[in-house]
Every structure is written in structure tokens, then in C-alpha cells.
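# Chains, contacts and geometry: an overview
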Amino acid sequence: MTRVIHTGDTHIGYSQYHSPVRRQDFLDAFEAVVDDAVDDGVDAVVHAGDLFHDRRPELDDLMGTISVLRRLDDAGIPFLAVVGNHESTRGGQWLDLFERLGLATRLGDEPVVVGDTAFYGLDHVPVSRRDDLDYAFADHDAEYAALVAHGLFEPFGYADWDTETVLTESDVAFDAMLLGDNHKPDTAEVADTWVTYPGSTERASASEREGRGYNLVVFDADAAGGDDRVEIRRRALDTRPFVFVSVELREGEGESRVRERVREYDLAEAVVHVEITGEGDPVTPAAVEEFATDEGALIARVTDRREVDADGEVDVSFADPEDAVRDRLDEMALSTAARDVERAVREDTVPDANVRETVKRRIEERLDEEADLGAFEPVEGEEAVEGEEADDGEEAGTEEADTDESESDESDAADTDPDESTTDEPDAESDRAEATDPDPASNDGQVSMEDYL
């Protein structure tokens, strides 16, 4: 029998709402998982990617993570992990550094046997590269086998990876796939194999309303019972409370009614999201947010979803807006990569909540595939149009609830906050700086793999 904790999407270093307290919450949640592992004496902690929120974590986050991993190592519990899309770099990975320190094992196509179970790993792979995968894994002689992977697998939400293809084309018969990337916990059976997500350990967006936690996975036919060889149980984590207040205003009601509703909740040290619908009088979001923080909330955000009637005349033109956009883009001489981003923003096939992750993924794939960064050079006139037509056949992908933003986070647009309305995700400019800036002191506390490996 082998008992492991299956976790992932810890996103250490995420300053949600630009709050240092929230940044610490993400590290604390990971530490809570390790505390449970040590107290329960599990055989291993298996992490399915996105240990860090950013490929260039700040030094404090890096040191905090090492401290937590050392506690796990002192207890004799191995930390097995794969690399997620948030933390992936184009060279060495942070996981490689932890492995050199003796604090982690990076899983791959060779088996890592713990107890009577062989563990394999599959790092996040961009969609454009998946056709080249052959799912060739080395043999093992253990009783059970599990594949740890990071990606959006079927049959779960936002899926872009065929789970059955992975299982049927693999050289190894897996008893379970322990996944990361989707922040919503879920379990399904595909091709007689249990496939499961533990969900994120902290709420990375207001859309993640359910409680956070991780999986306890037991590889033992007797424990599972029946024909199953694997038992998967979910365990809860005690994390920062999120309070969701819905207020439907009737005619004549306004800010005082919103305050009444907010007072009905325990706001102590909570992240509070207030959603206003209905009719009623205008409400100033900033005033409600200040009131909620005065009532004890750590952070408050207000979204007013009511339609606002515009006063005065509106000049309407029935010209094709797409033509106007194309004309303006031609004048701007955008690079191929910039046009790709622009299309992702406007495409009807990309849900609003997933635009950010779609843009991030496309930029990362451009960076990975075009070492000379030619896609980021300005392109003039007809050449730009030809490039756009060549890319039009690319299907618009969607990303997970990993950074699945609810509309309630749109009120933070002015804050430019990651995983809310905008993210801390590294953009093309920061990626290029990573490749060219060798001085970690110039990165506001952030460090790159080149400084270590």
C-alpha cells in the first residue's frame, strides 16, 4: 500500500489584489499541506505543477518554499513534482534547483518508486507541441503506476488535452493520473483509469468559491474495494475566508441598503466581493469598499452589474467595425505576436474569462518557438495582413480555471491584478528581459534560473 498527498497549483508568490498578506496566504497554504503530510506520515507529497505563480519568483518566496521543503525532507517524506505553465522557464527549472538541493524529485519518463507504486511525470507542454509527444515511459516492476501531469485534460472544464490518447498510447498502464492546472477539484474515470484534480490550495480568483484542499490517494486494492485499485479522498484546508455578498436593489434603494447587506456577514480578515444587481439609486463602489474594510475585511471589491442609462445623444455609425479595426491595425505596424494577441482579445470563440490565459499561452509559445524573437518585430502593410491570414486557421484555445476569472473580478481592472481582471503573468516584455538581464538586483527582488543553474 502507498499513501500520498496529491496537491498542485499552490501559486506561491501571487500578490493577489496587490496584497502582501494574500501573497503570504499562498505560501501558508502550501505549508499547511506539508504539515498534514508530516502529521499523517504519508509516503510522499506529489505536486502536479505551478508550485510558483511566476517563472521569476521573488527571493522571499523562494526561501520560504525551501524552508517548507526542508521540513518535509527532515520527516523523510519525498517531494515528487512536475513543472507547470506558470513557473516554466526556457532553460533550467526551479524544480531542478530543489532537486540539486536534495529537496525534490522531478518526475519524468523514468519511474520513481515509492512503496509499491511507480510515479512518472509529464510537465506542461504547449498545445502546439503535443503532436510530437510519443508518451514513451520506461518499464517498471511495481504493483501500481501513476502519471503526474500538468494540463487541461478531458473530460474536465476548458480541456484541450485528450486524456484517452495519453492513456492508450502510453507504454505504461497507469492506475491513476494525478493532475494539476485546473483549480476546480474533480475526479473522473477514463479508459478504466482514475483521473483527478485536487484543485488549487488557495483561491486564485473569486470564481473559486468552493473550499480549498488536496487529495489523499491510496494505492491499494484492498483499501479501495471492489474492482478499484486506487482510493481518492479529498481533504479540506483552512484558508483565508472569501465572503460573497449579493445585493439586488429595488427602486429607491441605494448605498444604505448595500451597507445593510454587508453588515449581515462576518467580514473579519476576509476577502469580500459585493455584487450589485437590480435597479435602485447609483452606488459608489469605493465607498462600499471602504465601509467593508472598516467592518474588518482584509480586502473588499464591489461590482455593480446594473445597466447605466447614458444621458445625451449617441452618435451611431453603421460602418463595419471590423474594417475600422483592420485599418487602424495596418497603420500601427504591429508585430506578428502583437496581432496574435489582438485577435485573441477580439475573438468570439475565446470566453472573456479566458482571454488573459489565451494571450499568455500564445506569447509563451511564440517565445518558445521563435528563438530569434522575429515575431515581435514590427511588420508593415501587406506583409502584416498576409501573416494575419496565415494565422487565422489557428483555433482559439481556452485556458483553465487556473486563472479562470469570474466577472466579479472586473472591478479590479484599474489595479491591474493577476488572476482577477489582469494578471501578474509575465508578458512578452518581461520574458525578453528574463533572457537578457543577468543582474538579479535589477529585478526588484526577483531571481531567474540563470542565477542558479
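As recorded in an unreviewed UniProt entry, the chain goes by the name DNA double-strand break repair protein Mre11, listed as coming from Halorubrum distributum. You can read under Sequence similarities (unreviewed entry) in the UniProt record for the chain the words "Belongs to the MRE11/RAD32 family."

## Overview of the overall build of the chain
A tally of helices and strands in the chain yields 12 helices and 15 strands. When contacts within the chain are restricted to residue pairs at least 6 apart in sequence, those whose partners lie at least 24 apart make up 74%. Counting every atom, the chain has about 20,400 Å² of accessible surface; 44% of that belongs to carbon and sulfur.

## Describing the nonpolar core
Ile5, Phe30, Phe79 and Phe98 are the most contacted members of the largest nonpolar core, which has 29 residues in total. When contributions to this core are tallied by element, the ones reaching two or more residues are helix H1 (20–40), helix H2 (59–74), strand S3 (79–81), helix H3 (94–100) and strand S11 (213–219). Non-local contacts of Phe98, meaning those with residues more than four positions away in its chain, are made with Leu51, Phe52, Leu62, Thr65, Ile66, Leu69, Leu103 and Ala104. Ranked by size, the runner-up nonpolar core spans 23 residues in total, among them Tyr120, Val125, Tyr135 and Ala149.

## Let's talk about the sheet that holds strand S14 (residues 271–278)
Within a sheet, adjacent strands bond to each other through the backbone by hydrogen bonds, running parallel or antiparallel. Spatial strand order, S13-S14-S15: 3 strands in an open sheet with parallel pairing. The open sheet terminates on both sides in strands that have one partner only, identified here as strand S13 (242–249) and strand S15 (299–304). Each strand axis lies, on average, 15 degrees off the axis of its neighbour in the sheet, ignoring direction. The sheet contact formed by S14 and S15 spans 6 bridges and is parallel. Within S15, the position partnered with Glu275 by the bridge is Thr303. Across the sheet, helix H6 (residues 255–263) touches S13 and S14, and the angle it forms with S13 is around 145 degrees.

## Some words on the environment of Phe119
In this fold, Phe119 is placed in strand S6 (residues 117–122). The sequence separation of Phe119 and Ala81 amounts to 38 residues, and the corresponding C-alpha distance is 9.8 Å. Discounting residues that sit within four places of it in the chain, Phe119 has contacts with Val4, Val46, Leu80, Leu107, Glu110, Pro111, Val112, Val114, Ala146, Val148, Leu178 and Phe219.

## Some points on the packing of H1 against H2
Here H1 crosses H2 at 5 degrees, and the two axes come no closer than 9 Å. Considering the angle they form, H1 stands roughly parallel to H2. Of the residues in H2, those touching H1 at Arg23, Leu27, Phe30, Glu31, Val34, Asp35, Ala37 and Val38 are Asp61, Gly64, Thr65, Val68, Leu69, Arg71 and Leu72.

## Overview of the UniProt feature "active site" (unreviewed entry) in the chain
Mapped onto this numbering, the UniProt entry gives "active site" (unreviewed entry) at His86. Examined against the element boundaries, His86 turns out to sit in the loop between S3 and H3. A polar atom in the side chain of His86 sits 2.9 Å from the backbone oxygen of His53.

## So, the pattern of salt bridges
In the structure shown here, the tally under the stated rule is 23 salt bridges. Across the pair Arg23 and Glu58 runs a salt bridge, and its minimum N-O distance is 3.8 Å. Highlighted residues: Arg23 in helix H1 and Glu58 in the loop between strand S2 (44–47) and H2, separated in sequence by 35 residues. As a salt-bridge pair, Asp25 and Arg240 come within 2.8 Å of each other at their nearest N and O atoms. Of the two residues, Asp25 sits in helix H1 while Arg240 sits in the loop between strand S12 (230–236) and S13, which places them 215 residues apart along the sequence. Here Asp25 and Arg240 have matching classes, each one buried. Through salt bridges with shared partners, a single ionic network connects Arg22, Asp25, Glu202, Arg240 and Glu269.

## Focus: a negative patch on the surface
A contiguous patch of negative charge on the surface is contributed by Asp109, Glu110, Asp134, Asp139, Glu154, Asp162, Glu164, Glu169 and Asp171. Turning to its location among the elements, Glu169 is positioned in helix H4 (residues 163–169).

## A word on H2
With 16 residues, H2 ought to run about 22 Å at 1.5 Å a step, and its terminal C-alpha atoms sit 22 Å apart, in line with that. Residues of H2 that are buried include every one of Asp61, Leu62, Gly64, Thr65, Ile66, Val68, Leu69 and Leu72, and no others. After H2 finishes, the residue Gly76 shows a positive phi value of roughly 75 degrees.

## Remarks on the environment of Thr10
Position of Thr10 among the secondary structure elements: in the loop between strand S1 (2–7) and H1. For the pair Thr10 and Leu51, spaced 41 residues apart in sequence, the C-alpha to C-alpha distance is 5.1 Å. Side chain to side chain, Thr10 and His47 meet in a polar contact 3.0 Å long.

## Details of the UniProt feature "binding site: Mn(2+) 2" (unreviewed entry) in the chain
Under the UniProt annotation, "binding site: Mn(2+) 2" (unreviewed entry) lies at Asp50, Asn85 and His150. In summary, the annotated positions, though distributed over 101 residues, converge in three dimensions, the widest C-alpha pair being only 8.2 Å. Here Asp50 shows up in the loop between S2 and H2. With respect to the secondary-structure elements, His150 resides in strand S7 (residues 144–150). Given the relative accessible area of 0%, His150 is considered buried.

Reading the values: the criteria
Residues numbered from 1 in each chain as written. Predicted model: local features only at pLDDT ≥ 70, side-chain atom pairs only at ≥ 80, totals over all residues. Heavy atoms only, no water. UniProt positions renumbered as here; feature names shortened; annotations may be inferred. Helix = DSSP H or I, 4+ residues; strand = E, 2+ residues; numbered from the N terminus. Contact = heavy atoms within 4.5 Å. Areas by Shrake-Rupley, 256 points an atom, 1.4 Å probe, with all protein chains shown as cover. Core = buried A, V, L, I, M, F, W, Y, C linked by side-chain atoms within 4.5 Å. Buried < 20%, exposed > 50% of the residue type's maximum accessible area, 1.4 Å probe, protein only. Pairing = 2+ DSSP bridges. Axes fitted to C-alpha atoms, helices over the stretch in contact; angles between N-to-C directions. Parallel < 35°, antiparallel > 145°, perpendicular 65-115°, else oblique. Polar contact = N/O pair within 3.5 Å; in protein donor to acceptor, adjacent residues only side chain to side chain. Salt bridge = Lys/Arg side-chain N within 4 Å of Asp/Glu carboxyl O. Patch = residues over 30% accessible without salt bridge, like charges linked within 9 Å, V, L, I, M, F, W, Y side chains within 5 Å. Lys, Arg positive; Asp, Glu negative; His and termini not counted. Charge placed at Lys NZ, Arg CZ, Asp CG, Glu CD. Expected span 1.5 Å × (residues − 1).

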